[in-house]
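So the chains spell out like this:
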Amino acid sequence: MDEASLKVYNELTEDVLVSWISKECYQCLYQQLGVVTAAPRPGQPSSKDFVVSTQHELAFRLNDTSTKQLCNELTFHFGEHGNYSLWIKNLNNNSEADCSIVTDGNPVNSYTRESNTRLKLSPSFDQIEATSKEFVLCSSHISLIVMVFVNYGGGRYWFFRHASWNGLTVADLVFPWFVFIMGTSIALSINKLLRSGSTRSSLLKKVLWRTMLLFAIGVVIINPNYCQGPLSWDTLRIPGVLQRLAWSYLVVACLDLLVARDTWWSPILDILLYWPAWLCVLLLEVLWLCLTFLLPVPGCPTGYLGPGGIGDMGWYANCTGGAAGYIDRWLLGEKHIYQTPSSRVIYATHIPFDPEGVLGSINSILMAYLGLQAGKIILHYRDLPRSIMSRFLMWGLFLGVISAILTRCSKDQGFIPANKNLWSLSYVTTLACFAFVLLLLIYYIIDVRKWWSGAPFYYAGMNSILVYVGHEVFEEYFPFRWRMLNSQSHAEHLTQNLVATSCWLFISYVLYKKKIFWKL
């Protein structure tokens, strides 16, 4: 899957070294594809077969044994399952060769059709409580279902996989949006509980208990030997998605308990009333900036944000993630963080790096707090839909401008590139910008115009912790996975992943009808 066949023909009288890089790989070293021997005699080229990736455009460099470049760099975007030839011809004994790529067999269009195959089957966070805002519920539930679909594989399409380093794919959008809407739910929930007479101390105990449960559940489900006996501390991964949610929930809920009001105030004070909490969040962000750009990392340049490996011309191969990776390896140990980061796919990194690590957790707090701000807007502008939508739009534009400045509207050349692995500041501002705009649209469709009730996503969100844990634990079991006739078919993978996701929608619908809710 995501591969093509390339046959290289060499008509020269000397061996040719074929090297390549992905155009997605920023400032990378060329990697050796192979050596094609010299032609045995004139008019009879030698040849060699290779398999190449089709996910992104590739660049090829052809050198002789003395490393002399034989022709200009070739760039080509191969199609999946296509057959191609790369010809290296001698131009009348000139010093420069003629190099060209020819399509011998047309690729399949993996987005609209597949080769002939048949499919055969064989053997909120917690329920968001205390809010009447259906669009908030729907937003979190959509994020949850898309997260499940992406985790199941998303049809094995590259845009449903996380970006190798800088940049965004569909898979990189979902988790931050869930963190954002969790913050919105915290604001609405705590406000109603305070208005109903609950004390702050009792709510704090509930927050602490939920945090511990979420963290413990997260540790269990991300370590795959939990069904085979006791967990092994030697290789136990500590960070994870639920752990990141637990940490963000703890800090943001505590900040809201510190400043939340159980009475209504003037709408113009939806930020000023909560300045102590904003001050804490900004101080945390200053801490992230200082650690990221000022912390000395042995063997690496201070402030390094790159992937290491073959990136940056291979100068910093062991510096993946800079300070973020160094803190995780120092604090948690190499064996207790993620062993196969997405950076290894294109950048050929070889050291562990955890995308849910310690330093990035600071920015997840910022993401959740921006979601909390959305909740404050809903509370302060209750029954004023135009004001709610205008505030959402202003926040979206404000965060979008910050993102444009930080990234300089580029993927790799900004001051702070948008990076999911690092949960960089620009990543948070960009995704929060999208989140405010998306929340505006959903609010208009569901609460203002009442064009849609939120079904069927609504049902999954009412048992979101069950759906998330269940889809992780039972991922390898029927009907969520089965043996496929053609494991290289996007259509079969897509069908399997859609069926698995639909099963959880159906399960959550049945539980909703029976009024069964798993709450922490």
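By the naming in an unreviewed UniProt entry, the protein chain goes by Heparan-alpha-glucosaminide N-acetyltransferase and is assigned to Neogobius melanostomus.

**Q** Describe the overall build of the protein chain, listing the residues and the values that go with them.
**A** Assigned secondary structure in the protein chain consists of 13 helices and eight strands. In the protein chain, which comprises 520 residues, the share counted as buried stands at 53%. Taken as a whole, the protein chain presents about 24000 Å² of accessible surface, with 60% of it coming from carbon and sulfur.

**Q** Help me get a handle on the confidence of the model for the protein chain, residues and values and all.
**A** Per-residue confidence for the protein chain gives a mean pLDDT of 86; residues scoring 70 or more make up 89%. Taken together, the stretch residues 113-132 has pLDDT below 50 and engages in 56 contacts with residues farther than four places along the chain or on a different chain.

**Q** Now, about the nonpolar core: what can you tell me, with residues and values included?
**A** Core analysis: the biggest nonpolar cluster contains 104 residues, and Leu242, Met367, Tyr369, Leu370 and Phe392 have the highest contact counts within it. Looking at this core element by element, the count peaks at 15 residues for helix α2 (residues 171-195). Once residues lying within four places of it in the same chain are set aside, the contact partners of Leu242 are Leu214, Ile217, Gly218, Ile221, Ile465, Tyr468 and Val469. Core analysis: the second largest hydrophobic core is formed by 22 residues, Val16, Phe60, Ile88 and Cys99 among them.

**Q** Before we move on, could you go through the side chain of Asp2 and cite the residues and values that matter?
**A** Structurally, the position occupied by Asp2 is in the segment before β1 (3-10). Asp2 gets classed as buried once you look at its relative accessible area, which sits at 10%. Discounting residues that sit within four places of it in the chain, Asp2 has contacts with Val52, Ser53, Thr54, Gln55, Glu80, Arg156, Arg161 and His490.

**Q** Any details on helix α6 (residues 323-331)? Residues and values, ideally.
**A** Note: α-helices contain 3.6 residues per turn, so residues at a spacing of three or four share the same orientation. For α6, the set of buried residues is Ala323, Ala324, Gly325, Ile327, Asp328 and Arg329. Here the buried face of α6 lies against α5 (275-294) and α8 (358-380). Among the residues trailing α6, Gly333 stands out with phi positive, at a value near 95 degrees.

**Q** Lay out a nonpolar patch on the surface in plain terms, naming residues and giving numbers.
**A** A cluster of nonpolar side chains, namely Val437, Leu438, Leu441, Tyr444, Ile445, Val448, Trp451 and Trp452, defines an oily patch on the protein surface of about 670 Å² accessible area. Judged by its relative accessible area of 46%, Leu441 falls in the partly exposed class.

**Q** Summarise the state of the cysteines; cite the residues concerned and give the values.
**A** For the structure shown, the criterion picks out three disulfides. Two residues share a disulfide in this structure: Cys71 and Cys99, whose sulfurs sit 2.1 Å from each other. Disulfide Cys71-Cys99: torsion about the S-S bond near -105 degrees, hence left-handed. Note that Cys71 is positioned in the loop between β5 (58-63) and β6 (74-76) and Cys99 in strand β8 (residues 97-105), a separation of 28 residues in sequence. The exposure class of Cys99 is buried, given its relative accessible area of 11%. Across the disulfide, Cys300 is cross-linked to Cys319 (sulfur-sulfur distance 2.0 Å).

**Q** I'd love a proper account of the sheet that holds β1, names of residues and values included.
**A** If you trace the four strands from one edge of the open sheet to the other, you get β4-β1-β7-β8, paired in mixed fashion. The outermost strands of the open sheet, each flanked by one partner alone, are β4 (46-53) and β8. Sheet twist, expressed as the average angle between the axes of neighbouring strands with direction ignored, equals 20 degrees. The pairing of β1 with β4 spans eight bridges and is classified as antiparallel. Paired with Val8 across the strands is Lys48, a residue of β4.

**Q** A description of the sheet that holds strand β2 (residues 16-22) should follow, citing residues and the corresponding values.
**A** Taken together, the four strands give an open sheet; going across it, the order is β3-β2-β5-β6, and neighbouring strands pair in antiparallel fashion. Edge strands, defined here as strands with exactly one partner in the open sheet, are β3 (31-36) and β6. The mean inter-strand angle of the sheet, taken between neighbouring strand axes irrespective of direction, is 25 degrees. With three bridges joining them, β5 and β6 adopt antiparallel strand pairing. When the bridges of β6 are listed, Leu58 appears paired with Phe76.

**Q** So what's going on with the packing of aromatic side chains? Residues and values would help.
**A** Taken as a whole and judged by the stated rule, the model has 25 aromatic pairs. On the basis of an interplanar angle of 85 degrees and a centroid distance of 5.2 Å, the ring pair of Phe149 and Phe160 is categorised as edge-to-face. Of the two residues, Phe149 is situated in helix α1 (residues 134-152) and Phe160 in the loop between α1 and α2; the sequence distance between them amounts to eleven residues. Arranged with centres 6.1 Å apart and planes meeting at 65 degrees, the rings of Phe474 and Tyr477 form a pair that is edge-to-face. Feature note: the residues Phe180, Trp278, Tyr369, Phe392, Trp395, Phe398 and Phe436 constitute an aromatic cluster, connected by ring pairs. Arg408 extends its terminal NZ or CZ atom over the ring of Phe415, reaching a point 4.8 Å from the ring centre.

Conventions adopted
Residues numbered from 1 in each chain as written. Predicted model: local features only at pLDDT ≥ 70, side-chain atom pairs only at ≥ 80, totals over all residues. Heavy atoms only, no water. Helix = DSSP H or I, 4+ residues; strand = E, 2+ residues; numbered from the N terminus. Buried < 20%, exposed > 50% of the residue type's maximum accessible area, 1.4 Å probe, protein only. Areas by Shrake-Rupley, 256 points an atom, 1.4 Å probe, with all protein chains shown as cover. pLDDT = per-residue confidence, 0-100. Contact = heavy atoms within 4.5 Å. Core = buried A, V, L, I, M, F, W, Y, C linked by side-chain atoms within 4.5 Å. Patch = residues over 30% accessible without salt bridge, like charges linked within 9 Å, V, L, I, M, F, W, Y side chains within 5 Å. Salt bridge = Lys/Arg side-chain N within 4 Å of Asp/Glu carboxyl O. Disulfide = S-S within 2.5 Å. Pairing = 2+ DSSP bridges. Axes fitted to C-alpha atoms, helices over the stretch in contact; angles between N-to-C directions. Phe/Tyr/Trp six-rings, centres within 6.5 Å; stacked < 30°, edge-to-face > 60°. Lys NZ or Arg CZ within 6 Å of the ring centre and 35° of its normal.

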